[in-house]
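One-letter residues, chain by chain:
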Amino acid sequence: MVEMSLEHIRKVYPGQVIAAVPDYSLKINDGEFTVFIGPSGSGKSTVLRMIAGLEDITSGQFKMDDRVMNDVEPKNRDIAMVFQNYALYPHMTVFENMAFGLKLRKEPKDKIKAAVDKAADQLGLTDFLDRKPANLSGGQRQRVALGRAMVRDAKVMLLDEPLSNLDAKLRVEMRSTIAKLHQDLGNNFIYVTHDQIEAMTMADRIVLIDHGVIQQDGSPEELYNNPGNKFVAGFMGSPSMNFLNLRLDNDTLVSRDGQIKLSIPKGTSKFLKEAGYDGKDLIFGIRPEDIHTEPIAKETYPGDTVHVKLDLVEPLGAETMYYFQLDGQQFVARVGAREKDQTGDYADLTFQIPNAHFFDPETELVILPKGAKVYQSPTRQESDLANTKGTPLEGQKFSEKY
């Protein structure tokens, strides 16, 4: 087991002026399943490759148990890596692929066989050890790649978008396989993905990165329920959070054209006024699942109703998506599967205002009641927080409703 830290890590590629990773600081706890998530080009894979030793660190230090690892060769870092494209040797059998790293280390044959057999049993590959990769499905090849990393018995397992080449059904199966594997092994897993479902279902801790900067980190529930800025709120969740520019007028949120008026609870109005937003613009955010059809909402949810034309009704089996426009902005509501509205119909939809989020239109920081703080992991370092427009430096968990 090992604790890891990245201290003011910076990465600038040759010939580039702008840093791919400007100033990245993070501590990773022993035995943690950490997921780096972010849009394409955000720097998450670059950070992973610097940890693995496949990319040089321009400045800063990477440590494992307080030992500086910057100049340590990848093979000597006690780190195993699973790649997106499997990277299996086509001329070798499954057994030979999984045993390859141990053979390079000149481990005894009986130890190699025992390690491979154990990993194959855990991954359901026992009956495939004599096959070549060409005779395996995508999911089986991915399990072989996992097994090759497992047999090394490394302290840290790095996984770089390992499920992106699999179909939807296989991704679900492999998510549970990897999560169970982490529970069984108990070592550090660092997993890179752009898939929010993978992050939400597997991670102990999510680190959301944009342009090489950590926007927020914490448990999946913390990032989803208490986003520190508009970027985090919009990225976490599928479909993403809906946003609308509104003006606070006493206890009402009003659109620029005056067509939309949403009443808000007095407690919400009070803290927004105390924060200085009375009579000013703000960004209103609400998740699709907090928009309800009127017959249900009247009985269950406080809030305000809007009358909209449904641009698209998208039945998904277990649920239905309603797409509509508000003040020129695209909105989506996640409603029950039994709703009968069709594309082109008009519907009354109710916003569950107590679950709404509010952001400053200039900084895009979340607006919170006085004294409340956005959660950040206690292992997050302030130097990195200073680089993001997303989150305050304080690190207390904010779990109360507005």
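Rules and cut-offs
Residues numbered from 1 in each chain as written. Predicted model: local features only at pLDDT ≥ 70, side-chain atom pairs only at ≥ 80, totals over all residues. Heavy atoms only, no water. Core = buried A, V, L, I, M, F, W, Y, C linked by side-chain atoms within 4.5 Å. Buried < 20%, exposed > 50% of the residue type's maximum accessible area, 1.4 Å probe, protein only. Pairing = 2+ DSSP bridges. Helix = DSSP H or I, 4+ residues; strand = E, 2+ residues; numbered from the N terminus. Axes fitted to C-alpha atoms, helices over the stretch in contact; angles between N-to-C directions. Contact = heavy atoms within 4.5 Å. Phe/Tyr/Trp six-rings, centres within 6.5 Å; stacked < 30°, edge-to-face > 60°. Lys NZ or Arg CZ within 6 Å of the ring centre and 35° of its normal.

1. Re the nonpolar core
Logical step 1: Judged by nonpolar contacts, the single largest core of 46 residues is most densely connected at Met98, Leu146, Met157, Leu159, Ile178, Tyr191 and Met236.
Logical step 2: In this structure, Tyr322, Val335, Ala347 and Ile353 belong to the second largest nonpolar core, which totals 31 residues.

2. Some thoughts on the sheet that holds strand S10 (residues 213–218)
Logical step 1: Pairing in this open sheet of six strands is mixed, and the strands run S6-S7-S8-S3-S9-S10 from one edge to the other. Among the strands making up the open sheet, the edge pair consists of strand S6 (79–82) and S10. Each strand axis lies, on average, 20° off the axis of its neighbour in the sheet, ignoring direction.
Logical step 2: Here five bridges tie strand S7 (residues 156–160) to strand S8 (residues 188–193), and the two strands are oriented parallel to one another. From the neighbouring strand, Leu159 faces S8, where its bridge partner is Tyr191.
Logical step 3: The sheet strands contacting helix H5 (residues 168–185) are strand S3 (33–37), S7 and S8, and the helix crosses S8 at an angle near 160°.

3. A few points about the packing of aromatic side chains
Logical step 1: In the structure shown here, the tally under the stated rule is eleven aromatic pairs.
Logical step 2: Between Tyr24 and Phe36, the aromatic rings sit 6.3 Å apart at their centres with planes inclined by 70°, giving edge-to-face as the arrangement. Separated by twelve residues along the polypeptide, Tyr24 in strand S2 (residues 21–28) and Phe36 in strand S3 bring together distant segments of the chain. For the pair shown, Tyr24 and Phe36 are each scored as buried.
Logical step 3: Pairing Phe284 with Phe351 gives two aromatic rings, centres 6.1 Å apart and planes at 15°, and the pair type is stacked. Linking Phe284 in strand S14 (residues 281–286) with Phe351 in strand S19 (residues 346–351), this pair joins segments that are 67 residues apart in sequence. Taken as a pair, Phe284 and Phe351 share a single burial class, namely buried.
Logical step 4: Pairwise contacts between aromatic rings join Phe271, Phe284, Phe324, Phe331, Phe351 and Phe358 into one cluster.
Logical step 5: Over the ring of Phe243 we find Lys230, and its NZ or CZ is 5.0 Å from the ring centre.
Logical step 6: Residue placement shows Arg287 over the ring face of Tyr224; its charged tip is 3.9 Å from the ring centre.

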